[in-house]
Amino acid sequence: MAASAHHFDHLPVAVAVVDDDGLLLEVNRALASLRGQTADELQGQQVGVLMSRASALLYHSYIFPLLKMSDQVDEVSIQLRDTEGRRIDALMSARREVVSDGRGVVRCVFMRLKERGRLEYQLLTAKRAADEAPGLLFQLRREPREAPRFTYVTDAIRRLFNVAPSQALEDADVVWRQIHPDDAQRVQCTLDASALDLSPWRCECRAVVDQQAMWLELHATPHQEPDGSVVWNGYIADITERKDMELGLREKASAERANQAKSEFMAHMSHELRPPLNGILGFAQLLQMQDAGNLRADQRTKLGYIEAAGQSLLRLINEVLEISRIEAGHMSVQMADLPLDEVIESSLLLAEPLAAKRRVNLNWVGARGAVVQADRHRLGQVLLNLLTNAIKYGPESGRVDVQVELLAGDVIELRVQDQGPGLSLAQQAQLFQPFNRLGAEHSQVEGVGLGLVITQGLVELMGGQLRVRSEPGEGACFVVSLQRASAPAPGLGGGDTQVADLVPAEASPGVPPEQARQRVLYVEDNPINALLMSTLFEGSRQFELLVLDTGGKALAALRSGPWPDALLFDMHLADMDGVTLLHAVRQLPGWAMQPVVAVSADAMPEEIRRALGAGFDDYWTKPLDVTRVEPALRRLLSAQVRSDGTMSV
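Residues numbered from 1 in each chain as written. Predicted model: local features only at pLDDT ≥ 70, side-chain atom pairs only at ≥ 80, totals over all residues. Heavy atoms only, no water.

> Is there a simple way to think about unusual backbone geometry in this case?
Negative phi values dominate among residues other than glycine, just as trans dominates among peptide bonds. Even without being a glycine, L198 presents a positive backbone phi close to 55°. Tracing the chain through its elements places L198 in the loop between α8 (181-197) and β8 (201-209). Since its relative accessible area comes to 35%, L198 is described here as partly exposed. Here D210, not a glycine, exhibits a phi torsion of approximately 50°, which is positive. Its place among the elements puts D210 in the loop between β8 and β9 (212-224). (Helix = DSSP H or I, 4+ residues; strand = E, 2+ residues; numbered from the N terminus. Buried < 20%, exposed > 50% of the residue type's maximum accessible area, 1.4 Å probe, protein only.)

> Help me understand the pattern of salt bridges in this model?
Pairing is possible between side chains that carry opposite charge, provided their charged atoms lie close to one another. All told, the structure shown has 30 salt bridges when counted by the stated rule. The residue R242 makes a salt bridge to E217 at a minimum N-O spacing of 3.2 Å. Of this pair, R242 sits in helix α9 (residues 240-246) while E217 sits in strand β9; the two residues are 25 residues apart in sequence, bridging distant segments of the chain. The partner of R399 in a salt bridge is D401, with the nearest N and O atoms 2.6 Å apart. (Salt bridge = Lys/Arg side-chain N within 4 Å of Asp/Glu carboxyl O.)

> Sorry, what's going on with the sheet that holds strand β19 (residues 518-523) here?
Strand pairing in a sheet relies on backbone hydrogen bonds, with the paired strands running either antiparallel or parallel. One open sheet holds the 5 strands; their spatial order is β20-β19-β21-β22-β23, and the pairing between them is parallel. One side of each edge strand has no neighbouring strand; the edge strands of this open sheet are β20 (543-548) and β23 (618-621). Averaged over all pairs of adjacent strands, the angle between strand axes in this sheet comes to 20°, irrespective of strand direction. Relative to strand β21 (residues 566-570), β19 is paired through 4 bridges, and the arrangement is parallel. Counterpart to Y522 in the pairing with β21 is L568. Contacting β19, β20 and β21, helix α17 (residues 551-560) runs over the sheet at an angle of about 155° to β19. (Pairing = 2+ DSSP bridges. Axes fitted to C-alpha atoms, helices over the stretch in contact; angles between N-to-C directions. Contact = heavy atoms within 4.5 Å.)

Honestly, that's just the spatial picture; any functional story needs more than this.
Now the structure itself:
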């Protein structure tokens with residue numbers, strides 16, 4: 001079988017043949033070279049060795065089951081990895097053929113991608129900005145002798161007309177039927193006039209949506225296409241408030257407030273849309289100039305579509321600005337000598353609500369004062385996961401013990417013992433398999449069977465080992481073995497401490513150890529924003545990021561341990577605003593002068609001045625220029641802030 005791999009060696013793409021058990025039967029030269037190995041070294045290994053952990057899970061949980069049903073999948077985005085752990089973005093296409101007795105082989109082709117991830121990031125940012133703009137952005141097309149139809153609308157159409165974008169794209173009348181009958185003819189006439197001489201389409205009209213009357217303002221710019229069709233790019237804004245003011249006393253102050261509201265709308269839309277659009281167009285043009293030879297004809301065509309769509313939206317923004325005459329703003333570990341007591345204390349406190357719900361006693365027994373080599377955040381994640389499992393799978397009104405023991409050879413064992421049903425040898429052999437819940441899927445305990453797999457991976461990343469000791473009917477003891485960092489602290493000994501006796505260490509945000517990455521805490525309740533910032537910091541050599549989603553959690557983290565060197569706060573959190581959170585942070589010991597940055601989509605000068613006046617060291621507006629975040633943090637942490645107190649990010 002190995003010799004047949006030469007059949008694919010002449011191909012310029014990576015090829016692998018995999019059996020139904022996930023074993024590599026054949027690997028061509030291109031794939032082996034991508035990995036930095038030989039084909040002989042790869043044959044016989046699991047297909048997951050080629051991929052990142054997430055992509056290996058994707059293959060086994062989604063791609064292979066789909067292949068068994070439909071025989072073929074095309075262009076699935078995955079990440080390969082080389083022998084040094086570097087990740088390689090690729091598209092995977094695969095076909096499965098049945099060989100005998102229902103078993104088959106999967107032939108996989110991997111095509112490496114360049115710049116796709118960066119381009120997709122820019123597209124995601126642009127789409128989000130467009131969907132969150134205050135007005136409805138649209139593209140309307142009228143072909144000869146046909147009724148006008150929408151070819152693009154943003155999600156704001158839900159707020160204005162209470163219809164889904166898909167409904168408007170299928171039938172434009174779901175929008176036009178909501179125009180007030182007295183204004184419908186005028187709207188049609190202004191559209192016809194704009195189509196006739198390609199003049200800007202300007203119109204104010206009333207609409208009745210869910211029996212509520214509202215005023216709309218419509219601005220659009222037309223252009224004619226070679227087939228005679230006319231296409232308008234424009235926006236629709238709710239101007240009901242402005243109209244109400246005009247129907248009132250029409251005082252000068254009221255008119256000025258209305259104009260200011262419109263100005264703020266235009267400034268917000270320009271700030272949110274123009275930077276990501278420039279990024280989209282720049283990367284699209286760069287790919288066309290530098291990587292055209294690496295792209296298939298259909299990929300070049302799709303790239304052209306991306307650029308054309310970007311140009312269309314950019315023209316829209318420029319037109320809006322002209323109309324209103326407004327001038328436009330990323331798993332690694334950080335090893336350190338870590339007091340184990342601190343991690344146990346904080347993890348027990350976090351697990352206490354679940355334990356209380358099931359009336360489970362959490363007990364800390366054994367040695368104190370141990371210091372291990374570990375990553376604080378990851379070890380806390382490991383222990384909390386083990387505690388949660390012990391509570392969930394053990395009996396109500398039971399007991400969970402956390403024990404530390406110092407062994408010979410500078411090894412420290414951290415054990416979590418439960419009173420659950422225990423595990424047989426057969427179950428233990430399958431314990432760390434993805435999605436294998438060992439029969440718990442038939443119980444009322446929620447889960448998908450990935451927690452222990454992730455926990456094992458985290459422990460191994462820290463140079464440790466995770467194993468289980470168990471007998472059916474006698475519970476299970478999960479053991480984390482870590483390397484001892486230094487001699488035990490004074491007072492090392494045994495004991496039995498209830499959770500209620502544990503007191504978090506006082507906050508101490510001092511200077512990190514020499515050569516250690518500096519830690520940044522980002523408080524953000526928007527999942528997309530949190531994901532984007534996490535992706536940005538992934539792989540950073542200087543900074544490590546922790547993301548929390550509420551101000552309350554941030555304050556608890558600051559009180560319980562010396563975590564961050566700098567703080568980033570979103571200004572509009574679910575439980576408090578950024579200024580309130582800042583004032584609470586400044587009252588904590590050691591945080592009177594530490595750098596705190598406001599991060600907000602609000603770019604209005606008044607809000608920036610208010611935040612800086614409240615004591616923020618800097619104010620970053622969304623979307624961020626990702627190339628300037630780390631330099632800005634370095635300047636802040638070295639106290640090289642400009643005299644006006646702001647940085648452009």
